[in-house]
Amino acid sequence: EALPPDFRRLSPAQREEFSPELRLAIRKAHLKRAMALELFDELNETPPLFIGAARSSEDPEAIAVRIRETLAIANGTPRGDQREQFNLRRNAVEIAGVLVFQAEKIDTNEMRAFSIPDRPLPAIVLNIKDAYPARSFSLFHELSHIMLGNGGVCNLEENGQTSPPQRVEAFCNHVAAATLIPVDELAQRPETPNRQVSDISDDAVSRLATYFGVSKEAVLRRLVTAGKVPSSFYEAKREEYRRTLASAPQKAAGGFAPPYTMAIASNGRLFTRLVLEAYADERIGESDVLEYLGARVKHLPKIQNMLRSNSSGEEEEQ
């Protein structure tokens, strides 16, 4: 497959090489998307059609409203539980007709997410090493790219530049933040100032971040948009957060996750359910199941039970 556009660049002349791990993840995503389309055909089913579309000339706030209406998640998000919030959002995006995979072996400094905008069944690939709030943000950032029809590899950085890739990143960041933190709901929270103030406490920002299932940086971005704090405060706090993160000891890799857990966590419910149906219908064999899901046939009953119980497998993942 041809490599996707690189939205990590600060200028059109700049190009970062993709690591072998990222190249492999891109190739796998294209292959699994092609497999999904073939399996839908084999099962005589029509893939769900994602109908969302947007133009860069539109107001990002209006696009965010459309996303929430299309996915019907505004009133169903379990506020305060960041894992459950991510899983609900991911499932809603898949129900709407977008495959959502997770890559396991790529440094978050290289890639937070990437997307394939081809339809039907566009695809989003998130970095499983990211925290749940970061993955929620990346999910809607990439959904914005798909709606614009220009998927690519992203690290979600803006860096104050005005190159075309950076303008697109800033636009998709705005849509993602507006989707996750509706400005009217933000205004109703007791932690939110009712007028512009020069600063806001870290405790208040943390409570808002937990409530909405987002990062503290995303909360501050929205407070600036809502006219509650100045952009200078946001910039200073963003640098503070990043210095703290850089100086913090690196977390050890998560414990062992069994194949039936990783099958759903890595492949998503839509693709996993499709493979199980194709196997039950004898459209594919045991070796195909292993290739598609990374799990053997003996794991299928547990995978089926997790799908029935609406479990994502994320509990054991980290």
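Values in this document were obtained by computation on a predicted structure and should not be read as measured data.

Engineer: Explain the packing of aromatic side chains to me, please; I cannot follow it from the model alone.
Structural biologist: Aromatic rings considered in pairs are described by the distance between their centres and by the relative angle of their planes. The full count for this structure, using the stated rule, is four aromatic pairs. Relative to Tyr-132, the ring of Phe-86 has its centre 5.9 Å away and its plane inclined at 35°; by these criteria the two rings are tilted. Of this pair, Phe-86 sits in helix H3 (residues 82-95) while Tyr-132 sits in helix H4 (residues 132-148), placing them 46 residues apart in sequence. Across the pair, exposure class does not vary: Phe-86 and Tyr-132 are buried alike.

Engineer: Just to check I follow, could you spell out the packing of helix H2 (residues 60-71) against H4 for this structure?
Structural biologist: The angle between the axes and the distance between the axes are what describe a pair of packed helices. Interhelical geometry of H2 versus H4 gives an angle of 100° and a closest axis separation of 12 Å. With respect to H4, the element H2 is oriented roughly perpendicular. On H4, the residues that touch Ile-63, Arg-66, Ile-67 and Leu-71 of H2 are Phe-140, Leu-143 and Met-147.

Engineer: Looking at this structure, how should I read the confidence of the model for the protein chain?
Structural biologist: Per-residue pLDDT for the protein chain averages 85, and the proportion of residues at 70 or more is 84%. Across residues 8-14, confidence stays below pLDDT 50; counting only partners more than four residues off in sequence or on other chains, it has 21 contacts.

Engineer: Where do I start with the pattern of salt bridges in this structure?
Structural biologist: Two side chains with opposite charge may pair up if their charged atoms get near one another. Enumeration over the complete set of coordinates arrives at 13 salt bridges. For Arg-112, the salt bridge is made with Asp-130, and the minimal N-O distance between the two is 2.8 Å. Remark: Asp-130 occurs in the loop between strand S3 (123-127) and H4 and Arg-112 occurs in the loop between strand S1 (99-103) and strand S2 (113-116); sequence separation between them is 18 residues. Looking at Asp-130, the relative accessible area reads 6%, which means it is buried. Glu-217 is the partner of Arg-242 in a salt bridge, and the nearest nitrogen-oxygen pair spans 2.9 Å. Separated by 25 residues along the polypeptide, Arg-242 in helix H9 (residues 231-247) and Glu-217 in helix H8 (residues 216-225) bring together distant segments of the chain. The class for Arg-242 is partly exposed, based on a relative accessible area of 29%.

Engineer: Explain H3 here, please?
Structural biologist: Because each turn of an α-helix spans 3.6 residues, side chains separated by three or four positions in sequence point in the same direction. Taking 1.5 Å of rise per residue, 14 residues should cover 20 Å, and H3 covers 20 Å from first to last C-alpha, within 8% of that figure. Considered for burial, the residues of H3 that qualify are Gln-85, Phe-86, Asn-87, Arg-89, Arg-90, Asn-91, Ala-92, Val-93 and Glu-94. Sitting at the head of H3, Asp-81 places a side-chain oxygen 3.2 Å from the backbone nitrogen of Arg-83. A positive backbone phi angle near 110° is found at Gly-97, which sits one or two residues after H3.

Engineer: What should I look at first to understand the environment of Ala-176 in this one?
Structural biologist: Mapped onto the elements of the fold, Ala-176 is located in helix H5 (residues 164-180). Residues Ala-176 and Pro-60, spaced 116 residues apart in sequence, show a C-alpha to C-alpha distance of 8.7 Å. In this structure, Ala-176 is in contact with Phe-137, Phe-140, His-141 and Ser-144, ignoring residues within four places of it in sequence.

Engineer: Help me out: how do you make sense of the pairing of S1 in this one?
Structural biologist: Side-chain direction in a regular strand flips from residue to residue, so the side chains alternate between the two faces of the sheet. Most of S1 sits inside the fold, with five of its five residues counted as buried. Note: S1 against S3, five bridges, orientation parallel. Along S3, the bridge assignment pairs Gln-102 with Leu-126.

Engineer: What is the right way to look at unusual backbone geometry in this model?
Structural biologist: Note: most residues except glycine have negative phi, and most peptide bonds are trans. Cis geometry is found at the peptide bond from Arg-119 to Pro-120, where omega equals 0°. Locating Pro-120 in the fold gives a position in the loop between S2 and S3. The phi dihedral of Asn-44 is positive, around 55°, even though this residue is not glycine. Within the secondary structure, Asn-44 sits in the loop between helix H1 (20-42) and H2. You can call Asn-44 exposed: its relative accessible area is 66%.

Engineer: What is the right way to look at helix H10 (residues 259-280) in this model?
Structural biologist: Over its 22 residues, H10 runs only 19 Å from end to end, short of the ideal 32 Å by more than 12%, given 1.5 Å per residue. Its axis deflected by about 115° at Gly-268, H10 carries its strongest bend there. A positive backbone phi angle near 60° is found at Glu-282, which sits one or two residues after H10.

Engineer: Honestly, the nonpolar core in this entry has me stumped. Any pointers?
Structural biologist: Nonpolar side chains in soluble globular proteins tend to be buried together. Val-93, Phe-140 and Leu-143 are the most contacted members of the largest nonpolar core, which totals 44 residues. Elements with a minimum of two residues in this core: H2, H3, S3, H4, H5, helix H7 (202-212), H8 and H9. Sort the elements by how many residues they give to this core and H4 lands first, with seven residues. By size, the runner-up hydrophobic cluster in this structure holds 39 residues, among which are Ile-26, Met-111, Ala-295 and Met-306.

Reading the values: rules and limits
Residues numbered from 1 in each chain as written. Predicted model: local features only at pLDDT ≥ 70, side-chain atom pairs only at ≥ 80, totals over all residues. Heavy atoms only, no water. Phe/Tyr/Trp six-rings, centres within 6.5 Å; stacked < 30°, edge-to-face > 60°. Helix = DSSP H or I, 4+ residues; strand = E, 2+ residues; numbered from the N terminus. Buried < 20%, exposed > 50% of the residue type's maximum accessible area, 1.4 Å probe, protein only. Axes fitted to C-alpha atoms, helices over the stretch in contact; angles between N-to-C directions. Parallel < 35°, antiparallel > 145°, perpendicular 65-115°, else oblique. Contact = heavy atoms within 4.5 Å. pLDDT = per-residue confidence, 0-100. Salt bridge = Lys/Arg side-chain N within 4 Å of Asp/Glu carboxyl O. Expected span 1.5 Å × (residues − 1). Polar contact = N/O pair within 3.5 Å; in protein donor to acceptor, adjacent residues only side chain to side chain. Pairing = 2+ DSSP bridges. Bend = angle between axes of the 7 residues up to and from the residue. Core = buried A, V, L, I, M, F, W, Y, C linked by side-chain atoms within 4.5 Å.

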